Amino acid sequence: MKMKFQFHILLGLAAAGLFTGCSKNPVTGKKEIIFMSKEKEIALGAESHPSIVATMGIYDDKNLQSFINEKGKAMANISHRPDLPYQFFIVDSPVVNAFAVPGGYVYFTRGIMAHFNNEAEFAGVLGHEIGHITARHSARQQTSQIFGQVGLLAGMVLSETVRGLAEQTQQALGLLLLSYSREHETESDKIGVEYSSKIGYDAKEMADFFGTLKKISEKAGQTIPTFQSTHPDPGDRRNKVDKLATQYQAEHPGKYNVNRDAYLRKIEGIIYGTDPKQGFVENNQFYHPELRFQFPVPSGWQYENSPAQFQMASKDGKSMMLFAMAEGKSLEEAAQAVVKNYSLQVSENNKTTINGNPAIAMISQQVAQAQSGQAAASSIQVATWLIQYGGNVYVIHGVAAPANFAGNLGTFRNVAQGFKSVTDQNILNRQPERIRIKTVQRDGSLKDALKDNNQPDNKMDELAIINGMGLSDKVTKGMLIKTLGR
Ligand SMILES: [Zn+2]
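Residue numbers run consecutively from 1 along every chain, following the written order of its sequence. Confidence filtering applies because this is a predicted model: local features only for residues at pLDDT of at least 70, side-chain atom pairs given and counted only at 80 or more, and all residues used for totals across whole chains, interfaces and linings. Values reported for side chains reflect all heavy atoms of the structure, with hydrogen atoms and water molecules removed beforehand.

Peer 1: Now, about the environment of Tyr 180: what can you tell me, with residues and values included?
Peer 2: For helices the rule is a DSSP run of H or I covering at least 4 residues; for strands it is a run of E covering at least 2, with both sets numbered from the N terminus onward. Its place among the elements puts Tyr 180 in the loop between β7 (176–179) and α7 (182–198). C-alpha separation for the pair Tyr 180 and His 132, spaced 48 residues apart in sequence, amounts to 8.6 Å.

Peer 1: Account for the environment of Asp 473, naming residues and giving values.
Peer 2: Mapped onto the secondary structure, Asp 473 falls in the loop between α16 (460–466) and β22 (474–475). As a C-alpha pair, Asp 473 and Gly 444 span 29 residues in sequence and 8.3 Å in three-dimensional space. We call two residues contacting when some pair of their heavy atoms lies within 4.5 Å. Setting aside residues no more than four positions away along its own chain, Asp 473 makes contact with Gly 444, Ser 445 and Leu 446.

Peer 1: Summarise the pattern of salt bridges; cite the residues concerned and give the values.
Peer 2: One side-chain nitrogen of Lys or Arg within 4 Å of one carboxyl oxygen of Asp or Glu is enough to make a salt bridge. All told, the structure shown has 16 salt bridges when counted by the stated rule. Put simply, Lys 459 and Glu 433 hold a salt bridge, and the shortest N to O gap is 2.9 Å. Highlighted residues: Lys 459 in the loop between α15 (446–452) and α16 and Glu 433 in strand β20 (residues 433–439), separated in sequence by 26 residues. Look at Glu 433 and you get buried, because its relative accessible area is 17%. A salt bridge links Asp 452 to Arg 442; its shortest N-O distance comes to 2.9 Å. Of the two residues, Asp 452 sits in helix α15 while Arg 442 sits in the loop between β20 and β21 (444–445), which places them 10 residues apart along the sequence. Exposed residues in this analysis have more than 50% of their type's maximum accessible area, buried residues have under 20%, and partly exposed residues fall in between, with area computed by a 1.4 Å probe over protein chains only.

Peer 1: Lay out the nonpolar core in plain terms, naming residues and giving numbers.
Peer 2: We define the nonpolar core as a collection of buried residues of types Ala, Val, Leu, Ile, Met, Phe, Trp, Tyr and Cys that are connected through side-chain atoms lying within 4.5 Å of one another. Within the largest apolar cluster, 66 residues are counted, with the highest numbers of intra-cluster contacts made by Phe 108, Ile 112, Met 113, Phe 116 and Ile 435. The contact partners of Phe 108, leaving out residues within four places of it in the chain, are Phe 89, Ile 90, Val 91, Asn 97, Ala 98, Met 113, Phe 116, Phe 122, Val 125 and Leu 126. Within the second largest apolar cluster, 27 residues are counted, among which are Phe 286, Val 297, Ala 361 and Ile 363.

Peer 1: Give me the lowdown on the sheet that holds strand β5 (residues 105–109), citing residues and values where you can.
Peer 2: Strand pairing follows a simple DSSP-based rule, namely that at least 2 bridges must link the two strands. One open sheet holds the 3 strands; their spatial order is β3-β5-β4, and the pairing between them is mixed. Each edge of the open sheet is held by one strand with a lone partner, namely β3 (87–91) and β4 (98–101). This sheet shows a mean twist of 20 degrees between the axes of neighbouring strands, independent of strand direction. In this sheet, β5 lies alongside β3 in parallel orientation, the contact comprising 5 bridges. The residue of β5 that forms the bridge with Phe 88 is Val 106. Of the strands in this sheet, β3, β4 and β5 touch helix α5 (residues 119–134), which is tilted by about 145 degrees from β5. All axes are obtained by fitting lines to C-alpha atoms, using only the stretch in contact for helices, and the reported angles, taken between N-to-C directions, cover 0 to 180 degrees.

Peer 1: Quick one: what's the story with helix α2 (residues 38–56), residue by residue and with numbers?
Peer 2: One less than the residue count of a helix, multiplied by 1.5 Å, gives the span that helix is expected to have. In this model, α2 (19 residues) spans 26 Å end to end at C-alpha, consistent with the 27 Å of a helix rising 1.5 Å per residue. The reported bend at a residue is simply the angle between two axes, fitted to the 7 residues ending at it and to the 7 residues beginning with it. A maximum bend of about 25 degrees is found in α2 at Ser 48, where proline Pro 50 lies one to four positions downstream. A positive phi of about 80 degrees marks Gly 57, the residue just after α2.

What follows is the structure in structure tokens.
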């Protein structure tokens, strides 16, 4: 959780979609109805960009940034639309993802940068994303958490009523996800092969990266990367892209680079996985070292930390809690915003203090409007705490259906009343895990080399995926591999 509040990211797409006209597609050369003028595309990108930055943050790495700028510009020049004002960014998310916004904005997560094993893999994905822009794929919107989080506590069955409020919260936060049709994805893969080959890279490596994506998605308990979930099956893509790359190289003989070592040296030290400064759970407490607060996570509950909020839910899915930064500068303003945004009918509203911090506690009910075709309106009960702390107002909601509310109120209260400042230096100074590039000291298997570098047994499978290899694959003396360290 980065706790920077923002609204309606990418909502501009809906408005921009109203304009239609007929023009030639720059990639296919076919006439088509387009939904956006070039000016509107550029305006849309410019409008969305600050929200993306506010939500995810930019990952600060000057060397890596200048590398993606250089390759991005080179590819823009050979693309079907060299006239767009392209910009390239690395966003501060551990999720393995890349995405593009019309108008020339291309984003890579630090998670995907850590998973590439050479420049050619990067170039293939870069070509795919630029392809969405140049082929003017009209983006669809999905209500979902942004970039890869599968909404609510992946895999959990939350009761309908409880799910309702969580979805509204996400809409209020404006976390909309762009996705493209399968046809557009296939077309972008093809463009990715062409563009990456044109700037001198071996597009077969792009095919191999789909192997990495497949392994990531198969790894149990992981959040499914969006790059994966909304895209065609990576196994199919791997084969198709490999064929296209082979064909391209046969038609255009030349030298196609991979640049493995050069890439690995560029990502030395990149943060891997969650960054503790964005919040983490340990010993049933959620800690946010940067904002210096903590609160308990009910024992046995599942949780999910995302850039905009922290969610928790009981295993039976009958109750859940949401924690976020509140809208509004004062407690009163924040309370009014909550009541309005969720159409709450407040039955209790008390001023209080929580561990010395000014707070408001509310109990309310939300009656959902009966949808056409649905028999009855459903309702949920909500316990809300607004807490003023460190110059911010935070909101904690406990949500349950009326039948389960009384039984959960004690749990909700314990969480809210457990909100307090963090002083433990061990928590405040927690360091993230980083990719460390090491030179293999002797011929052997990847596993041998990882063990030689004191990598823990329970991380072996993950390290194999990060290295884009199998544990029994051969490595030779002098080769570079990725390890994890602080
Ligand atoms: Zn795509």
